[in-house]
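Okay, here's what each chain looks like letter by letter:
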Amino acid sequence: MVGGPEMRAANARNAFLKLADASGYPVAVMPSAKGLIPEHHPHFIGTYWGAASTPFCAETVESADAYLFVGPIFNDINTLSHSLLLKEAKTILVEPERVVIGDDGTAYDCVRMKDFLSALAAMVRRNETGYENHSRMYVGDGRPRRSEPNEALRVNVLFQHIQKMLCGEMVVVADTGDSWFNCQKLKLPPGCGYEVQMEYGSIGWSVGATLGYAQAAPEKRVIACIGDGSFQMTAQEVSTMLACGQNSIIFLINNGGYTIEEVIHEGPYNVIKNWNYTALVDAICNDQGKCWTTKVGCEEELIEAIDKATGAYKNCLCFIEVIIHKDDTSKELLQLGIRLSAANSRPPNPH
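Residues numbered from 1 in each chain as written. Predicted model: local features only at pLDDT ≥ 70, side-chain atom pairs only at ≥ 80, totals over all residues. Heavy atoms only, no water.

## Section: the overall build of the protein chain
Alright, step 1. Counting its regular elements, the protein chain contains 14 helices and 13 strands.
Alright, step 2. Here the protein chain has a C-alpha radius of gyration of 21 Å; the compact-globule value for 351 residues is 20 Å, and the two agree.
Alright, step 3. A principal-axis box enclosing the C-alpha atoms of the protein chain has dimensions of 60 × 50 × 40 Å.
Alright, step 4. Expressed as a percentage of its 351 residues, the buried residues of the protein chain come to 50%.
Alright, step 5. The long-range share in the protein chain, meaning contacts at least 24 apart out of those at least 6 apart in sequence, stands at 68%.
Alright, step 6. Of the roughly 16,900 Å² of accessible surface on the protein chain, 52% is carried by carbon and sulfur atoms.
Alright, step 7. Looking at the protein chain, you have 30 positive and 41 negative side-chain charges, and the mean spots of the two groups are 5 Å apart. (Helix = DSSP H or I, 4+ residues; strand = E, 2+ residues; numbered from the N terminus. Rg over C-alpha atoms; globule rule 2.2 N^0.38 Å. Buried < 20%, exposed > 50% of the residue type's maximum accessible area, 1.4 Å probe, protein only. Contact = heavy atoms within 4.5 Å. Areas by Shrake-Rupley, 256 points an atom, 1.4 Å probe, with all protein chains shown as cover. Lys, Arg positive; Asp, Glu negative; His and termini not counted. Charge placed at Lys NZ, Arg CZ, Asp CG, Glu CD.)

## A closer look at the pattern of salt bridges
Alright, step 1. This structure, assessed with the given rule, holds 9 salt bridges.
Alright, step 2. The partner of R112 in a salt bridge is D115, and the shortest N-O contact between them spans 3.0 Å.
Alright, step 3. Residue classification places R112 among the partly exposed positions, given a relative accessible area of 43%.
Alright, step 4. Put simply, K308 and E304 hold a salt bridge, and the shortest N to O gap is 3.3 Å. Taken as a pair, K308 and E304 lie in helix α13 (residues 299-310) at a separation of 4 residues, close to a single helical turn. (Salt bridge = Lys/Arg side-chain N within 4 Å of Asp/Glu carboxyl O.)

## Some details on the environment of A33
Alright, step 1. Note that A33 resides in the loop between β2 (27-29) and β3 (44-47).
Alright, step 2. Along the backbone, A33 and R8 are 25 residues apart, and their C-alpha atoms lie at a distance of 8.4 Å.
Alright, step 3. Setting aside chain neighbours within four positions, we find A33 in contact with G3, G4 and P5.

## Section: the sheet that holds strand β5 (residues 91-95)
Backbone hydrogen bonds hold the strands of a sheet together, and the pairing may be parallel or antiparallel.
Alright, step 1. Sheet architecture is open: 7 strands sit in the order β3-β2-β1-β4-β5-β6-β7, paired in mixed fashion. Edge positions in the sheet fall to β3 and β7 (106-109), since each of these pairs with one other strand and no more.
Alright, step 2. Note that strand β4 (residues 67-70) and β5 share 4 bridges and pair parallel. If you follow F69 over to β5, its bridge partner there is L93.
Alright, step 3. Sheet strands in contact with helix α4 (residues 113-123) are β4, β5 and β6 (98-101), and its direction is about 145° off that of β4. (Pairing = 2+ DSSP bridges. Axes fitted to C-alpha atoms, helices over the stretch in contact; angles between N-to-C directions.)

## Examining the UniProt feature "domain: Thiamine pyrophosphate enzyme TPP-binding" (unreviewed entry) in the protein chain
Alright, step 1. According to UniProt, the "domain: Thiamine pyrophosphate enzyme TPP-binding" (unreviewed entry) feature falls on residues 199-313.
Alright, step 2. Within residues 199-313, the helical portion is 46% and the strand portion 17%, while the C-alpha atoms at the span's ends are 35 Å from each other. (UniProt positions renumbered as here; feature names shortened; annotations may be inferred.)

## Describing the packing of aromatic side chains
Alright, step 1. For the coordinates displayed, the defined rule picks out 10 aromatic pairs.
Alright, step 2. Considering the side-chain rings of F56 and Y138, the 5.8 Å spacing of their centres and the 65° angle between planes classify their relative orientation as edge-to-face. Taken as a pair, F56 in the loop between β3 and α3 (57-62) and Y138 in the loop between α5 (129-137) and α6 (155-165) lie far apart in primary sequence, 82 residues in all.
Alright, step 3. Each ring, one from W292 and one from Y313, has its centre 4.9 Å from the other, and the planes form 5°; the classification is stacked. (Phe/Tyr/Trp six-rings, centres within 6.5 Å; stacked < 30°, edge-to-face > 60°.)

Below you can see the structure in the form of structure tokens.
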């Protein structure tokens, strides 16, 4: 079973979980559906994202005798440039208002997603074979190598510490870019929310999303991971955060440009003017609101900053600028860039 982003609009998350519990099947999510299914579910196997999937997830999905996709969106980002190795004959697509089965495209219209899932849960025969196969071949995640004292901070070390700080009273907001991939690897504790926007690839959307989420759910503390290029699009929303007295933690990942674009197509236009980001936020605050800013460039400084943000400054808007080398990216971003570059550089189809 693979959950997609349209489950949210169809209000079908509970029905999906009901079927997952009844069937015993392995459960995965598409990247834009992360957070819709609790990651502590006993049969959760991770994110299905083609070549960038959670280890052993793609192999489990693609080797199955059948796959049930619930509310999927198969665009170039969700499929990592169409790298899914699926067979239509083995596919069942559950859309908000219809079900499509097999390679002949047999469609049953006017069938609501949550009604179909609930009815199937009532009659399905439990079969844990797929999950048992996954469990046998699964090998746990590796760990980033230990940093040397005062070594320049690496992205994988940053997200190792973000992982440690997460709890059920938080929500992660991941902006477009390498935060897509690094935040996908975070294991969400029970109750921890997650928001991502992948269908449009809108850089900077997360600043406004952080504002909106924090205002709508004040019982949650938002942890936002935003690139410098994205932040420059919508930085002014920090002003409203301060005016509303919000206490989100923003990790501004400063690697000097549009790294995701540089991986797809190199060019001088991907290098942006560097800002003094902490000074900018301090200026926006203007001593009118609770705000704390800092810059970190090594693991020791990061640990200290997180301790302060979750301790002495837990009631403040905390803005942590993280200095990262311009070429420090996840391997998944490189995979996406290589594939999109190859696809976009093909000559147009004359037909």
